[in-house]
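# Commentary on secondary and tertiary structure
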Amino acid sequence: MSSEIKLESIVCKNGDEPALNHLDGDGSFSHRKNEVHKIQDDFRSHRDWSISDSPTTAERRAAASHRFFKGNRAALGEIANLLFNGNEKQVHGFGRKSGPLVAGTAYCLSSCSMILLNKIVLSSYAFSAGISLMFYQNFISSLVVVVLGLCGAVSVEKLNWKLIKVWIPVNLIFIGMLVSGMYSLKYINIAMVTILKNVTNILTAIGEFYLFRKRQNHKVWTAMFLMITSAISGGITDLSFDATGYAWQTLNCILTASYSLTLRRVMDRAKQLTESGSLNEVSMVLLNNSLSLPFAVLLILVFNEWDYVINANVIRMPMFWVVATASGLLGLAISFSSMWFLNQTSPTTYSLVGSLNKIPISIAGIIVFRVPVNFPNFFSILFGLFAGIFFARAKMS
């Protein structure tokens with residue numbers, strides 16, 4: 001910048017006649033000559049400094065080459081980042097898209113398999129000790145959760161007496177729900193059990209209205225009316241109708257609704273009694289299954305199931321124990337897969353998939369166990385299944 005100012009001053013001094021006239025009027029020729037030489041020397045010194053500081057041709061070429069290769073390296077780096085990061089994003093994107101599908105499939109398969117295996121144990125093997133079967137399944141589930149907790153695979157809350165006292169009412173209803181479900185499945189075919197379970201939704205909605213003042217919209221009540229209609233028509237047209245099985249299923253619906261409502265009331269209190277201030281589903285599984293064991297032993301002794309189990313020929317069949325153990329593991333798998341599915345999706349999607357899952361369960365139960373079905377009964381079953389789907393959709397709105 002200083003050199004440019006100096007050059008402008010030189011041009012002005014050499015080009016402006018008033019400056020030269022000023023010199024002609026005030027000094028001698030030698031003085032003017034000295035001034036001119038001084039200006040020329042000053043110009044040369046600044047010119048030499050500017051040239052010496054400017055880059056040479058070789059330096060300019062080297063700098064240009066450096067910028068060229070630097071630019072190419074940057075461009076190649078961008079391309080590599082796009083390729084690798086793009087592939088990584090595609091993999092993660094695929095994982096996010098396939099996660100709910102895999103979780104939902106695991107939940108549906110475990111749920112279907114659990115019901116089918118229980119039906120096989122109770123009906124095909126003619127095993128009449130439902131409480132003993134529940135005890136064995138809950139023992140397997142508790143053992144697996146404890147092992148996973150010790151390995152650090154799952155997080156389990158430490159149990160304390162205050163938490164156990166609060167949870168005992170929930171656990172007693174839980175035991176009654178399992179036992180009644182076992183015996184209803186023994187006497188009724190799977191399709192009708194699935195349809196009659198819709199009554200649980202109606203009882204739960206009524207309980208929510210009276211206990212929590214939760215009102216439902218008209219679509220929900222319409223769906224409930226359709227479910228009641230399908231249950232009544234299904235029972236009337238059921239060719240394998242069994243009054244004992246329907247009584248057990250009615251009790252199961254009442255206990256299942258009570259379990260849901262009681263769990264909602266107790267949950268907040270139970271969370272306050274844990275060390276972390278929360279109670280995850282794994283801890284609930286351990287709490288329910290482990291607390292049910294002493295009560296199950298008491299019920300086995302009261303109903304004298306122990307003598308039946310000891311003398312039953314079926315317990316000497318290795319395949320029976322394989323099926324019974326698998327049903328216990330599937331019961332645990334339902335808990336984990338439902339928790340996984342809920343984390344991947346929303347509660348509304350979970351509820352809708354649960355309703356849709358009843359369709360393959362009912363069809364599989366009819367085919368596998370060769371249930372005699374006439375057209376009116378089959379139509380009632382389909383009507384009840386779609387009423388359940390309509391109920392799930394109505395709850396979303």
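Quick notes on the rules
Residues numbered from 1 in each chain as written. Predicted model: local features only at pLDDT ≥ 70, side-chain atom pairs only at ≥ 80, totals over all residues. Heavy atoms only, no water. Helix = DSSP H or I, 4+ residues; strand = E, 2+ residues; numbered from the N terminus. Buried < 20%, exposed > 50% of the residue type's maximum accessible area, 1.4 Å probe, protein only. Contact = heavy atoms within 4.5 Å. Axes fitted to C-alpha atoms, helices over the stretch in contact; angles between N-to-C directions. Parallel < 35°, antiparallel > 145°, perpendicular 65-115°, else oblique. Left-handed = near helix turned anticlockwise from the far one by under 90°. Nonpolar A, V, L, I, M, F, W, Y, C, P; charged D, E, K, R; others polar. pLDDT = per-residue confidence, 0-100. Patch = residues over 30% accessible without salt bridge, like charges linked within 9 Å, V, L, I, M, F, W, Y side chains within 5 Å. Areas by Shrake-Rupley, 256 points an atom, 1.4 Å probe, with all protein chains shown as cover. Salt bridge = Lys/Arg side-chain N within 4 Å of Asp/Glu carboxyl O. Core = buried A, V, L, I, M, F, W, Y, C linked by side-chain atoms within 4.5 Å. Phe/Tyr/Trp six-rings, centres within 6.5 Å; stacked < 30°, edge-to-face > 60°. Expected span 1.5 Å × (residues − 1).

When helices and strands are tallied, the chain shows 16 helices and 0 strands. Out of the 397 residues belonging to the chain, those deemed buried represent 36%. Looking at the chain alone, contacts between residues at least 24 apart form 86% of all its contacts between residues at least 6 apart.

Next up on the list: the packing of helix H6 (residues 161–187) against helix H11 (residues 281–302). The interhelical angle for the contact between H6 and H11, taken along N-to-C directions, is 65°, at an axis separation of 9 Å. With respect to each other, H6 and H11 are oriented roughly perpendicular. When the axes of H6 and H11 are compared, the crossing they make is right-handed. Two secondary-structure elements touch here, H6 through Leu163, Ile164, Trp167, Ile168, Val170, Asn171, Leu172, Phe174 and Ile175 and H11 through Met284, Leu287, Asn288, Asn289, Leu291, Ser292, Phe295 and Leu299. Grouping the constituent residues of the contact of H6 with H11 by class yields 13 nonpolar, 4 polar and no charged.

With 73% of its residues at a pLDDT of 70 or more, the chain shows a mean pLDDT of 75. Confidence, expressed as mean pLDDT per element, reaches its minimum in the chain at helix H1 (residues 2–15) with 37 and its maximum at helix H5 (residues 130–151) with 92. Taken together, the stretch residues 1–33 has pLDDT below 50 and engages in 13 contacts with residues farther than four places along the chain or on a different chain. Between residues 46–95, whose pLDDT stays under 50, and residues either more than four places distant or in other chains, the model counts 7 contacts.

As a further point, take a nonpolar patch on the surface. Together, Leu203, Ile206, Tyr210, Leu211, Trp221 and Ile254 make up a nonpolar patch on the protein surface, roughly 560 Å² of accessible area in all. For the nonpolar patch, the leading source of residues is helix H8 (residues 198–212), giving 4 residues. On the secondary structure map, tyrosine 210 appears in helix H8.

Bringing the nonpolar core into the picture now. Formed by 37 residues in total, the largest nonpolar core has its most connected members in Phe127, Leu133, Met134 and Ile381. Listing elements by their share of this core, those giving two or more residues are helix H4 (57–124), H5, H6, helix H7 (190–196), H11, helix H13 (318–344), helix H15 (358–368) and helix H16 (375–396). The element that contributes the greatest number of residues to this core is H7, accounting for 6 residues. Not counting residues up to four positions away in its chain, the partners in contact with leucine 133 are Asn118, Val121, Leu122, Phe127, Met182 and Ala324. One finds Leu255, Met267, Leu273 and Met284 within the second-largest nonpolar core, a separate group that totals 19 residues.

So, on to the environment of valine 193. Among the structural elements, valine 193 can be located in helix H7. With a relative accessible area of 7%, valine 193 lands in the buried category. Considered as a pair, valine 193 and glycine 245 are 52 residues apart in the sequence and their alpha carbons are 9.2 Å apart. What valine 193 contacts, discounting residues up to four positions off in sequence, is Ser184, Leu185, Ile188 and Gln249.

A few words on the packing of aromatic side chains. Taken as a whole, this structure holds 11 aromatic pairs when the rule is applied. Judged by centre distance (5.4 Å) and plane angle (70°), the rings of tyrosine 136 and tryptophan 321 are edge-to-face. Residue tyrosine 136 is located in helix H5, and its partner tryptophan 321 is located in helix H13; the two are separated by 185 residues in the primary sequence. Here tryptophan 321 falls in the partly exposed class, since its relative accessible area comes to 35%. Look at phenylalanine 320 and tryptophan 321: their rings are 5.6 Å apart centre to centre, the planes differ by 75°, and that puts the pair in the edge-to-face class. An aromatic cluster is built from Tyr125, Phe127, Tyr136, Tyr308, Phe320 and Trp321, whose rings are joined through pairwise contacts.

Once that is clear, we can look at the environment of isoleucine 363. Relative to the helices and strands, isoleucine 363 is located in helix H15. Accessibility expressed as a relative area gives 42% for isoleucine 363, which makes it partly exposed.

The phi torsion of most residues other than glycine is negative, and most of the peptide bonds are trans. Despite not being glycine, alanine 126 shows a phi value in the positive range, around 55°. Relative to the elements of secondary structure, alanine 126 occurs in the loop between H4 and H5. Judged by its relative accessible area of 44%, alanine 126 falls in the partly exposed class. Phi is positive for asparagine 304, which is not a glycine, with a value near 55°. Position of asparagine 304 among the secondary structure elements: in the loop between H11 and helix H12 (305–311). The class of asparagine 304 is partly exposed, set by a relative accessible area of 46%.

Another aspect to go through is H11. With 22 residues, H11 ought to run about 32 Å at 1.5 Å a step, and its terminal C-alpha atoms sit 31 Å apart, in line with that. In the segment just after H11, asparagine 304 is the residue with positive phi, at about 55°.

If you trace the backbone, lysine 395 turns up in helix H16. A relative accessible area of 34% places lysine 395 in the partly exposed class. Counting along the chain gives 175 residues from lysine 395 to valine 220, while the straight-line C-alpha distance between them is 6.3 Å. With residues near it in sequence (within four places) discarded, lysine 395 still touches Glu208, Lys214, Gln216 and Val220.

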